[in-house]
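Fold and geometry: a report
Read off the chains here:
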Amino acid sequence: MKNFILIPFVLLSNVIFSQNPELFDVTWNMTELTVDGEIVDNIVAEGAPFGIVFGDDFYSAGACNERQCFNVTYDNMQIITSDATSCATTLSVCAFPDSDKSENAYFNVLNQVPIRYAITSNTDEDTIVLTLTNASDDQAIFVDRVLSLDRSAKNKVIVLAPNPFTDTLTITSINDTSYDVMKIYDVSGKLQVSKQIPATSNLKVDLSNLSKGIYFIELLEKNTASVTIQKLVKN
């Protein structure tokens, strides 16, 4: 009778606590971050989405900054770091100051263990979705490929012309998306231009006051908090 009870228990434990193979060998790209019930804006840095990669006993997360944690254990429901001192952060200078703030929020979400995870499919976009939820119910959502620099690849695409430009830049939004705010940063991350812009899908702006060089243009849509970022060159 003793052996009869033990064998089903071992089989059941293997089912419940085995690692989910879909978690590994994937670069997960974050599409949404929610902290204290509010969506965190600017989840891109240096033109790339925040991401996370999982290995046998570590994970590595970040974009322009990087956070690595070792002595990590997994089952098919949660992620556990055994010792907070096993995590280290490598800091860089983000081109966009808001990205630093967002990335810090991201790292703080990962600090609270255990982190529950779930892997599902999004058949509409043909992606696999990873959802991480920490002890405070903060949540980060990822997909298994880069959809866009913003949250909605199908609707938020812009064209800058000409690029490089001399004085006047035309900003065209595909699918008639209207942006409300334009910000331009130099390569050091210093804000050079910040202005409200008309809600139109085809806008001409005079940037003759900018010096020649490389910039990053950031367009924000207030209603959805979507952010689109592209590289910009002035001759």
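Above this note sits the structure.
Right, let's walk through the structure included here. Everything quoted here is computed from the prediction, not taken from an experiment. (Residues numbered from 1 in each chain as written. Predicted model: local features only at pLDDT ≥ 70, side-chain atom pairs only at ≥ 80, totals over all residues. Heavy atoms only, no water.)

1. Regarding the packing of aromatic side chains
Per the stated rule, a full pass over the model turns up 7 aromatic pairs. Each ring, one from phenylalanine 50 and one from tyrosine 106, has its centre 5.8 Å from the other, and the planes form 0°; the classification is stacked. Linking phenylalanine 50 in the loop between strand 4 (48-49) and strand 5 (51-54) with tyrosine 106 in helix 2 (residues 97-111), this pair joins segments that are 56 residues apart in sequence. No difference in accessibility class separates phenylalanine 50 from tyrosine 106, as the two residues are buried. Geometrically, the ring pair formed by phenylalanine 54 and tyrosine 74 is edge-to-face, given 5.9 Å between the ring centres and 85° between the ring planes. A residue pair is termed long-range when its members are at least 10 positions apart, and phenylalanine 54 in strand 5 and tyrosine 74 in strand 8 (residues 72-74) qualify at 20 residues. An identical accessibility class is assigned to phenylalanine 54 and tyrosine 74; each is buried. Feature note: the residues Phe24, Phe54, Tyr59 and Tyr74 constitute an aromatic cluster, connected by ring pairs. (Phe/Tyr/Trp six-rings, centres within 6.5 Å; stacked < 30°, edge-to-face > 60°. Helix = DSSP H or I, 4+ residues; strand = E, 2+ residues; numbered from the N terminus. Buried < 20%, exposed > 50% of the residue type's maximum accessible area, 1.4 Å probe, protein only.)

2. A closer look at the sheet that holds strand 15 (residues 168-173)
Strand order in the open sheet formed by 3 strands is 14-15-18, and the pairing between neighbours is antiparallel. Pairing within the sheet leaves two strands with one partner each, and these edge strands are strand 14 (158-161) and strand 18 (202-206). The mean angle between the axes of side-by-side strands here comes to 20°, regardless of whether they run parallel or antiparallel. Alignment of strand 15 against strand 18, held across 5 bridges, turns out to be antiparallel. Bridge assignment links threonine 172 to a residue of strand 18, and that residue is asparagine 202. (Pairing = 2+ DSSP bridges. Axes fitted to C-alpha atoms, helices over the stretch in contact; angles between N-to-C directions.)

3. Description of the state of the cysteines
Structurally, a disulfide amounts to a covalent bond that connects the sulfur atoms of two cysteines. Applying the stated criterion across every chain, the model contains 1 disulfide. Across the disulfide from cysteine 69 sits cysteine 87; the S-S distance is 2.0 Å. Judged by the sign of its S-S torsion, about 115°, the bond between cysteine 69 and cysteine 87 is right-handed. Highlighted residues: cysteine 69 in strand 7 (residues 66-70) and cysteine 87 in strand 10 (residues 87-90), separated in sequence by 18 residues. Assessed through its relative accessible area of 0%, cysteine 69 is described here as buried. Judged by relative accessible area, which is 17%, cysteine 87 ranks as buried. (Disulfide = S-S within 2.5 Å.)

4. A short note on helix 2
Between the first and last C-alpha of helix 2 there are 22 Å, a value that for 15 residues agrees with the 21 Å anticipated at 1.5 Å per step. Those residues of helix 2 lying buried are Ser99, Ser102, Glu103, Ala105, Tyr106, Phe107, Val109 and Leu110. (Expected span 1.5 Å × (residues − 1).)

5. Topic: the pairing of strand 15
Residues in a regular strand project their side chains so that they alternate between the two faces of the sheet. Note that strand 14 and strand 15 share 4 bridges and pair antiparallel. Looking across to strand 15, one finds that leucine 160 is bridged to isoleucine 171. Here strand 14 hands over to strand 15 after 6 residues, the two strands then running antiparallel side by side.

6. Observations regarding the nonpolar core
Of all hydrophobic cores here, the largest spans 30 residues; its most connected members are Ile52, Phe54, Tyr106 and Leu132. Elements with a contribution of two residues or more to this core: strand 1 (28-35), strand 5, strand 6 (58-62), strand 8, helix 2, strand 11 (115-122), strand 12 (127-133) and strand 13 (139-143). Here the element with the most residues in this core is helix 2; it accounts for 5 residues. Formed by 18 residues, the second largest nonpolar core is a distinct cluster that contains Ile171, Tyr179, Leu207 and Ile217. (Core = buried A, V, L, I, M, F, W, Y, C linked by side-chain atoms within 4.5 Å.)

7. Notes on the environment of methionine 77
Mapped onto the elements of the fold, methionine 77 is located in the loop between strand 8 and strand 9 (78-81). For the pair methionine 77 and leucine 132, spaced 55 residues apart in sequence, the C-alpha separation works out to 10.0 Å.

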